[in-house]
Amino acid sequence: MSLEYDLRSGSISASKHLDEKLDLQGWVENDLLEQLKMMQLIRFCENKLAEMRRQGKIGGPVHLGAGQEAIAVGISKYLRKSDRIFSAHRSHAHLLALGSDPRALFAEVLGRSTGLTKGMGGSMHLWDQPNGFYGSVPIVAGTVPLAVGAGLAAKLEGSNDIGVVYFGDGAAEEGIVHESLNLASQLRIPVLFVCENNLFSSHMHISQRQPLQSVARFADANGIKNQIVDGNNLLDVQAASEELINFIRSGEGPAFIEAITYRQYGHVDWREDIDVGVNRSSEDLALWKNRDPIRRLSEALISLNSELESEISNQTKELLSLVDLAWSKAESDPFPSPSSLLGTVYSAVSK
Amino acid sequence: MSAEKLTDYGSAIREGFAYLLKSYPEVFVIGQGLWSPWYVGNSMSDLDKEFGVNRIIDTPVSESACTGAAVGAAIAGMKPVVVHPRMDFMLYAMDSIVNEAAKWSSMMGGQATAGVTVRAIINRGGEQGAQHSQSLHSWFTHIPGLRVVMPATATDARDLLIASVLCKDPVIFIDDRWLYSESEILPQVSEIELRIQGPKITNVGTQVTLVGAGFSAKLCSDVAKILAAEGISAETIDIRVLNPFDPSLIIESVLKTGRLVVIDGGWSNSGFASEIIASVTEQIDPISLKSSPLRVTLPDAPAPASSALEKIYYTSADDVAAAVRASIS
């Protein structure tokens with residue numbers, strides 16, 4: 001039986017398919033090492049933010065995506081700088097996977113003028129259009145129709161760029177998602193819907209919120225081509241992304257990926273054991289840490305070529321010091337000037 | 001030489017659309033009922049045939065997603081117009097308007113804007129009742145980042161539409177079906193800059209300042225005519241742009257006339273009429289007022305369906321004239 005069967009029959013966490021070893025056959029080792037490096041960079045950035053938040057050095061909330069890195073990294077492999085990517089409150093991985101600068105992310109989280117949104121947005125409002133990241137905001141599902149519109153714009157312009165939107169299983173409970181799916185399908189808009197189903201919305205398990213645990217059924221209902229993948233298996237994500245993104249670029253209309261995953265931190269900030277005041281299951285956490293996407297990929301690489309062990313170990317050290325350096329630079333960056341408060345409400349140019 | 005022709009307000013809006021669609025490939029229009037004269041009157045007749053259904057997009061019954069899609073297309077560099085044939089239905093789209101479009105520039109540090117135009121039509125009367133009648137302009141004036149425009153004349157309907165669409169900021173452009181048959185000779189199209197537009201004096205007077213936007217601006221002119229016949233000289237001001245709001249012209253006028261009467265097609269509590277009176281009175285010495293400022297608004301009730309109740313619900317020029325007379329005598 002397939003992962004999809006397990007999901008549709010309602011027992012997501014229990015699916016043994018989520019524990020399968022990665023099969024690297026057909027993939028290029030150097031590419032995979034690069035992907036691993038990006039996943040590690042994201043993990044170390046998230047861990048850094050968790051630690052700094054714990055220490056009180058970050059004033060605002062941070063929603064961390066540790067454990068979910070394979071999804072953004074796998075999808076971004078098939079994206080271009082001219083695509084239009086949108087996200088939500090848990091967006092750091094989506095942004096960094098496009099090649100964004102960790103220092104600018106850190107500076108933004110710290111409210112500094114060198115940040116991605118010049119200190120005006122903080123962790124939950126990020127922007128890096130030169131890298132294809134059109135924006136993330138924390139109203140649940142708020143950016144879903146925006147990505148549809150950005151895809152529509154690409155279609156009207158005659159390019160074959162696409163819109164992409166990352167959202168969670170909780171967002172699938174918002175009405176706007178269903179309108180957006182219908183509209184995109186009806187107008188054959190080039191947009192990829194990526195639902196990261198990490199089983200929780202804030203403190204509520206999906207079984208407490210929806211009668212079925214998989215949300216890809218909403219794509220089916222709107223006639224949208226879709227795949228359900230193991231979101232902690234980079235190769236699964238990449239295979240689905242390649243197929244669906246090619247499908248979208250060929251003008252066939254939208255597509256939908258549901259990636260099953262789990263966040264290693266609670267809904268917000270650094271605690272592993274608590275979701276907004278509600279205790280998390282330590283068994284679940286252990287189960288899913290065992291399915292860590294970074295560990296699964298590096299173990300598969302090393303079992304194929306044992307010489308990679310020291311390479312990965314060196315790579316890890318380099319990344320950790322890169323992240324430390326990015327943080328210390330961001331910490332000494334300046335705050336925005338008072339004039340930016342009123343200066344950005346309306347556009348500075350007339351047309 | 002042929003005589004210059006009169007153009008009505010609805011046709012003027014259509015001229016604005018045609019000009020934009022001809023001149024700017026990045027303009028497109030999305031919304032419900034755009035292929036039907038029933039929804040939007042004569043304001044978009046046959047635009048789909050002239051410019052194609054890819055640029056004049058009639059849609060599923062999804063105000064929220066269509067507005068969000070227009071906002072997203074604007075963020076991606078297009079100049080979209082999303083049309084809501086009745087403002088009441090647009091309430092489904094509040095997140096895209098208030099949380100996304102209005103705040104995009106500020107949230108993104110001024111590096112990106114959502115230059116969308118949300119065209120909202122006030123379509124009331126005719127026994128349509130509570131959910132087919134509202135004038136909710138005041139709500140949107142509360143939100144920094146939104147520009148709110150209400151044209152009262154055919155020329156403004158065309159030229160402020162063009163200015164709204166060309167503006168980089170999100171604009172709520174509100175037109176009123178009660179104005180669609182108002183006609184005038186239109187000048188040549190001119191691309192005016194929205195951010196330097198504001199209130200205009202439409203009739204110079206000395207004894208009272210009458211202020212309104214959209215259909216209420218027309219009522220002001222009607223009232224001024226009634227009063228003129230009785231020897232009362234009223235100055236009328238058409239607000240045109242409600243947000244960001246520049247009250248300086250109104251302040252100047254009230255300093256001259258000493259009396260301020262504001263007509264608003266919305267409700268009284270926290271309505272735009274209150275904003276006008278507050279903006280003026282906090283800037284002037286109370287001694288310069290000859291009578292208390294006055295708001296003429298809808299009664300605080302949803303719109304009725306019965307024609308008997310509609311007659312007392314909606315403001316008439318005669319009602320306002322009577323109120324002005326009382327404040328002067």
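Rules behind the numbers
Residues numbered from 1 in each chain as written. Chains lettered and ligands numbered in written order. Predicted model: local features only at pLDDT ≥ 70, side-chain atom pairs only at ≥ 80, totals over all residues. Heavy atoms only, no water. Helix = DSSP H or I, 4+ residues; strand = E, 2+ residues; numbered from the N terminus. Rg over C-alpha atoms; globule rule 2.2 N^0.38 Å. Areas by Shrake-Rupley, 256 points an atom, 1.4 Å probe, with all protein chains shown as cover. Lys, Arg positive; Asp, Glu negative; His and termini not counted. Charge placed at Lys NZ, Arg CZ, Asp CG, Glu CD. Salt bridge = Lys/Arg side-chain N within 4 Å of Asp/Glu carboxyl O. Phe/Tyr/Trp six-rings, centres within 6.5 Å; stacked < 30°, edge-to-face > 60°. Buried < 20%, exposed > 50% of the residue type's maximum accessible area, 1.4 Å probe, protein only. Lys NZ or Arg CZ within 6 Å of the ring centre and 35° of its normal.

J.: Teacher, can you tell me more about the overall build of chain B here?
T.: From N to C terminus, chain B includes twelve helices and 14 strands. For 329 residues, the compact-globule estimate of 2.2 N^0.38 gives 20 Å, and the C-alpha radius of gyration of chain B, at 20 Å, lies within 12% of that figure. In terms of overall dimensions, chain B has C-alpha extents of about 60 × 50 × 50 Å along its principal axes. Surface summary for chain B: the accessible area is close to 12,500 Å², and the carbon and sulfur share equals 54%. Side chains of chain B carry 25 positive and 36 negative charges; the gap between the two charge centres is 2 Å.

J.: Which parts of the structure should I look at to understand the pattern of salt bridges?
T.: If charged atoms from side chains of opposite charge come close, those side chains can pair. Summed over the entire model, instances satisfying the criterion amount to 34 salt bridges over all chains. Its salt-bridge partner being A:R103, residue A:D333 comes within 2.7 Å of it at the nearest N-O pair. A residue pair is termed long-range when its members are at least 10 positions apart, and A:D333 in the loop between α12 (308-331) and α13 (339-343) and A:R103 in helix α5 (residues 102-109) qualify at 230 residues. The closest approach of N and O atoms between B:D156 and B:R240, which form a salt bridge, is 2.7 Å. Separated by 84 residues along the polypeptide, B:D156 in helix α7 (residues 154-166) and B:R240 in the loop between β11 (234-238) and β12 (241-243) bring together distant segments of the chain. Linked by salt bridges that have partners in common, B:K5, B:E15, B:R158 and B:D159 make up one network.

J.: Help me understand the packing of aromatic side chains in this model?
T.: For any pair of aromatic rings, geometry is given as the distance between the ring centres together with the angle between the planes. Taken as a whole and assessed by the stated rule, the structure comprises 13 aromatic pairs over all chains. Note on A:F86 and B:W104: the rings are 6.4 Å apart at their centroids and 50° apart in plane angle, and the pair reads as tilted. Placement of A:F86 in strand β1 (residues 84-87) and of B:W104 in helix α5 (residues 94-107) is noted, with the two residues assigned to different chains. Residue A:F86 is classed as buried on the basis of its relative accessible area, which comes to 0%. Given a relative accessible area of 0%, B:W104 falls into the buried group. Taken together, the ring pairs connect B:W178, B:F215, B:Y313 and B:Y314 into an aromatic cluster. Across from the ring centre of A:F247, 5.1 Å away, lies the NZ or CZ of A:K225, which sits over that ring. Positioned above the aromatic ring of A:W288, the side-chain terminus of A:R291 is 4.6 Å from the ring centre.

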